[in-house]
Amino acid sequence: MAILNQPTQPFAGQKPGTSGLRKKVGVFQQPHYLENFVQAIFDAVPELAGGVLVAGGDGRFHNRAAIQTILKMAAANGVARVLVAQDGLLSTPAASCVIRKHGATGGIILSASHNPGGPDGDFGIKYNAANGGPAAEKITDAIYARTQSLNEYRISNSADLPLGELGSFTLESMAVEVIDPVADYAELMQQIFDFGLIRAWFAAGHRIHFDAMSAISGPYAKHILEDLLGAAPGSVVNAVPLEDFGGHHPDPNPAHAGDLIRAMSGPDAADLGAASDGDADRNMIVGRDFLVSPSDSLAIMTAQAMRIPGYRSGIAGVARSMPTSRAADAVAKDLGIACFETPTGWKFFGNLLDAGLATLCGEESYGSGSNHVREKDGVWAVLFWLNLLAATGQSVEEIVRAHWAKYGRHYYSRHDYEGIDCDAANGLMAHLRAALPGLPGKAFGRLVVARADDFAYDDPVDGSRTSAQGVRIELEGDSRVVFRLSGTGTEGATLRVYLEAFEADPAQHAVPVQEKLAELIVLAKEVAGIAGRTGRSEPSVIA
Ligand code: G16
């Protein structure tokens, strides 16, 4: 075995987006492409030399090859010890759990989250820091800067390591430990939730239908729900992670989780329906013939946290990304706790959680989590809802309707225009930003603009400022439209239009969502000139 210094040249475009570097598999398969980015991580995070690294990924196509490359480069870059998940399979929240539990220096996670997989699909890589959370922007900026200047990388020429069985090896002078992350993760869940209560709820005949979407949540959900909690065998479907997710789009939302929605329809449906995404950090919660919006889920978790053993001593605050509905704000106000509004990207919650300012966090993009790890966590969210159902004896729909009756309903929807021309998308955002000063007081039909701005975030912990995070147009009467471009796509640009309207009157809470938002939808199209600028008159996805 020897360590090679391999000459290379920078690749353009290795700038991490909302959550790491995501590109088509073919881009990552180019010689040196992955290696350059990994070397940039080791160069930008010098404490990894002599440190402990966690490694694994969501199992999508190219995971197997990439994990071996990372191990050989870690050995060549002086990492003292690597904890690598068995078969290289590690969910994103479990990665966070393992980093924290074992006091690792950081972790490299291979995932493109909810993006499709397979040879023609997407691949991704991101670095998580010692707190278990996605690296802060100053680190991702440093990694990117390094990708633009490096001219060699270091790699061991050793043979591939067998990762199929638990065990220990030595690679060059680095210790390699193959671990079972499901065990570490399940142990953490048992510290938070009332497993006895949930077990009794299942024993009384209640049922769950969990769709793992042929992705990495399967082994975690099956072990916890079926083995530990006694849910009926077969409660977890599509439980085996596949390299191409069975050809599906592992994104738990109404557009891509049609099977789950159909399974949860009718009187014989399970009590709780749920799904998680490619890397198991997202969650979708479904009642019998009833969808729970992610923004409402966060608000309900906040309002009901006292029912969960892990949060019984109280929650410090709640945080949501800016485009997420303001349902959680109403609860925070009622509870007298802080509510933080951050840019999109889970990394922005890290400082708040580390500083003890927030306990629960959530996003409209089907993500929620807490201070137990520093990632959003799909299986955790499902256990939270299970614990709530068991503790209240109510159905999902009863819990949500009671919440709306108390706090009002924040009608919410996201309209995505995917795969549009990048110049057209940037032009649309520039047009909106230029129009901001003239918007207050302007009427669109019955709607009058109260305020309009481009969201900027001042981190209360480290004082950093992050600007240009989305155009907000607030209307008189507590409704709003937000526009931003996605930072996770790999083809063209995706314009996201977030629509929200508040309704206090319970008699109005049965109005269908798109009907309630109809006037806002017209306003959004008009104010941004969507059809004229993108050539699209309707969104490609409505979530
Ligand atoms: C990532 C981020 C989330 C964000 C989501 C969508 O999630 O961690 O904070 O809400 O992307 O981002 P965008 O609107 O920029 O596409 P994930 O599950 O893809 O890692």
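The rules we used
Residues numbered from 1 in each chain as written. Predicted model: local features only at pLDDT ≥ 70, side-chain atom pairs only at ≥ 80, totals over all residues. Heavy atoms only, no water. Phe/Tyr/Trp six-rings, centres within 6.5 Å; stacked < 30°, edge-to-face > 60°. Helix = DSSP H or I, 4+ residues; strand = E, 2+ residues; numbered from the N terminus. Buried < 20%, exposed > 50% of the residue type's maximum accessible area, 1.4 Å probe, protein only. Pairing = 2+ DSSP bridges. Axes fitted to C-alpha atoms, helices over the stretch in contact; angles between N-to-C directions. Contact = heavy atoms within 4.5 Å. Expected span 1.5 Å × (residues − 1). Arc of directions from axis to C-beta. Polar contact = N/O pair within 3.5 Å; in protein donor to acceptor, adjacent residues only side chain to side chain. Salt bridge = Lys/Arg side-chain N within 4 Å of Asp/Glu carboxyl O. Near = heavy atom within 4 Å. Areas by Shrake-Rupley, 256 points an atom, 1.4 Å probe, with all protein chains shown as cover. Nonpolar A, V, L, I, M, F, W, Y, C, P; charged D, E, K, R; others polar. Right-handed = clockwise from strand over helix to strand, strands pointing away. UniProt positions renumbered as here; feature names shortened; annotations may be inferred. Domains from an automatic or database assignment. Buried area = accessible area lost by both parts, 1.4 Å probe. Parallel < 35°, antiparallel > 145°, perpendicular 65-115°, else oblique. Left-handed = near helix turned anticlockwise from the far one by under 90°.

Remarks on the packing of aromatic side chains
Then step 1. Counted by the stated rule, this structure contains 13 aromatic pairs.
Then step 2. Considering the side-chain rings of F11 and Y33, the 4.9 Å spacing of their centres and the 65° angle between planes classify their relative orientation as edge-to-face. Highlighted residues: F11 in the loop between strand 1 (3-7) and strand 2 (21-24) and Y33 in helix 2 (residues 33-44), separated in sequence by 22 residues. Here the two residues F11 and Y33 agree in accessibility, since each one is buried.
Then step 3. Relative to F384, the ring of Y311 lies with its centre 6.0 Å away and its plane at 20°, an arrangement referred to as stacked.

A few points about the sheet that holds strand 17 (residues 360-363)
Then step 1. The strand order across the open sheet built from four strands is 16-15-17-18, with neighbouring strands paired in mixed fashion. Each edge of the open sheet is held by one strand with a lone partner, namely strand 16 (338-342) and strand 18 (367-370). Direction aside, neighbouring strands of the sheet carry axes that sit 15° apart on average.
Then step 2. Pairing of strand 15 (residues 317-321) with strand 17 involves three bridges; the strand directions are parallel. Following the sheet pairing, A319 is matched in strand 17 by C361.
Then step 3. The sheet contacts of helix 10 (residues 294-304) involve strand 15, strand 17 and strand 18, and relative to strand 17 the element is tilted by about 165°.
Then step 4. Running over the sheet, helix 11 (residues 327-335) touches strand 15 and strand 16 and is turned about 155° from strand 16.

Some remarks on the sheet that holds strand 12 (residues 272-276)
Then step 1. Reading across from one edge, 11-10-12-13-14 is the order of the five strands in this open sheet, with mixed pairing throughout. Where the open sheet ends on each side, the last strands, each with one partner, are strand 11 (236-237) and strand 14 (290-291).
Then step 2. Here strand 13 (residues 283-287) runs beside strand 14; their pairing, made up of two bridges, is antiparallel. If you follow V286 over to strand 14, its bridge partner there is L291.

A word on helix 15 (residues 422-435)
Then step 1. For helix 15, with 14 residues, the first-to-last C-alpha span of 20 Å sits near the 20 Å given by 1.5 Å per residue.
Then step 2. Looking only at helix 15, the buried set comprises A424, A425, L428, M429 and L432. When helix 15 is viewed along its axis, its buried side chains cluster within an angular range of 135° and face the same direction. Facing away from the buried side of helix 15 by more than 90 degrees, the exposed set consists of D423 and A434.
Then step 3. At the N-terminal end of helix 15, a side-chain oxygen is found 3.2 Å from the backbone nitrogen of D423, two or three residues along, and the residue is D421.

Considerations on the pattern of salt bridges
Then step 1. By the definition in use, this model includes 40 salt bridges.
Then step 2. We note a salt bridge from E226 to K222, for which the minimum N-O separation is 2.9 Å. With E226 and K222 both in helix 8 (residues 217-228) and four residues apart, the pair spans about one turn of that helix.
Then step 3. A salt bridge links D458 to R465; the nearest nitrogen and oxygen atoms lie 2.8 Å apart.
Then step 4. Through salt bridges with shared partners, one network takes in R320, R326, D329, E341, R451, D453, R472, E474, D478, R480 and E500.

Quick look at the site of the ligand
Then step 1. Taken together, 20 residues are adjacent to the ligand, and R484, S486, G487, T488 and R496 come closest.
Then step 2. Within the contact set of the ligand, an oxygen atom lies 2.6 Å away from a side-chain nitrogen or oxygen of R484.
Then step 3. Protein coverage of the free-state accessible area of the ligand, which is 470 Å², stands at 99%.
Then step 4. Residues of the shell around the ligand, tallied by class, amount to two nonpolar, ten polar and eight charged.

Examining the pairing of strand 16
Then step 1. Pairing of strand 15 with strand 16, which is carried by five bridges, proceeds in the parallel orientation. Residue G317 lies in a different strand from strand 16, and its bridge partner there is A338.
Then step 2. Crossover strand 15 to strand 16 through helix 11 is right-handed.

Considerations on the UniProt feature "domain: Alpha-D-phosphohexomutase alpha/beta/alpha" (unreviewed entry) in the protein
Then step 1. Per the UniProt entry, the sites bearing "domain: Alpha-D-phosphohexomutase alpha/beta/alpha" (unreviewed entry) are residues 14-153, 184-286 and 295-407 in this numbering.
Then step 2. Helix makes up 36% of residues 14-153 and strand 24%, and the two end C-alpha atoms of the span are 15 Å apart.

Examining the pairing of strand 21 (residues 447-454)
Then step 1. Here strand 20 (residues 443-444) runs beside strand 21; their pairing, made up of two bridges, is antiparallel. What sits directly across from F444, in strand 21, is L447.
Then step 2. A loop of two residues connects strand 20 with strand 21, the two strands running antiparallel in sequence, and G445 in this loop sits at a positive phi of about 60°.
Then step 3. Note: strand 21 against strand 24 (residues 471-475), five bridges, orientation antiparallel. Its bridge partner lying in strand 24, D453 is registered against R472.

With respect to the domain arrangement of the protein
Then step 1. Once the domains are mapped, the protein shows domain 1 (3-180), domain 2 (185-407) and domain 3 (409-542).
Then step 2. Using only C-alpha atoms to locate each centre, domain 1 and domain 3 end up separated by 36 Å.
Then step 3. Across the domain 1/domain 3 interface, buried area totals approximately 580 Å², and carbon plus sulfur atoms make up 43% of it.
Then step 4. When the area that domain 1 buries against domain 3 is broken down by residue, the three leading residues are T18, R22 and K24, summing to 59%.
Then step 5. In this assembly, domain 1 and domain 3 are joined by one salt bridge.

Points about the side chain of N63
Then step 1. Position of N63 among the secondary structure elements: in helix 3 (residues 63-76).
Then step 2. Its relative accessible area of 1% is what places N63 among the buried residues.

So, the packing of helix 8 against helix 13 (residues 378-392)
Then step 1. Where helix 8 contacts helix 13, the axes come no closer than 11 Å and their chain directions differ by 30°. As far as their axial angle goes, helix 13 and helix 8 are roughly parallel. Between helix 8 and helix 13 lies a crossing whose hand is right-handed. On helix 13, the residues that touch S217, Y220, I224 and L225 of helix 8 are V379, L383 and L386.
Then step 2. Here the residues of the contact of helix 8 with helix 13 sort into six nonpolar, one polar and no charged.

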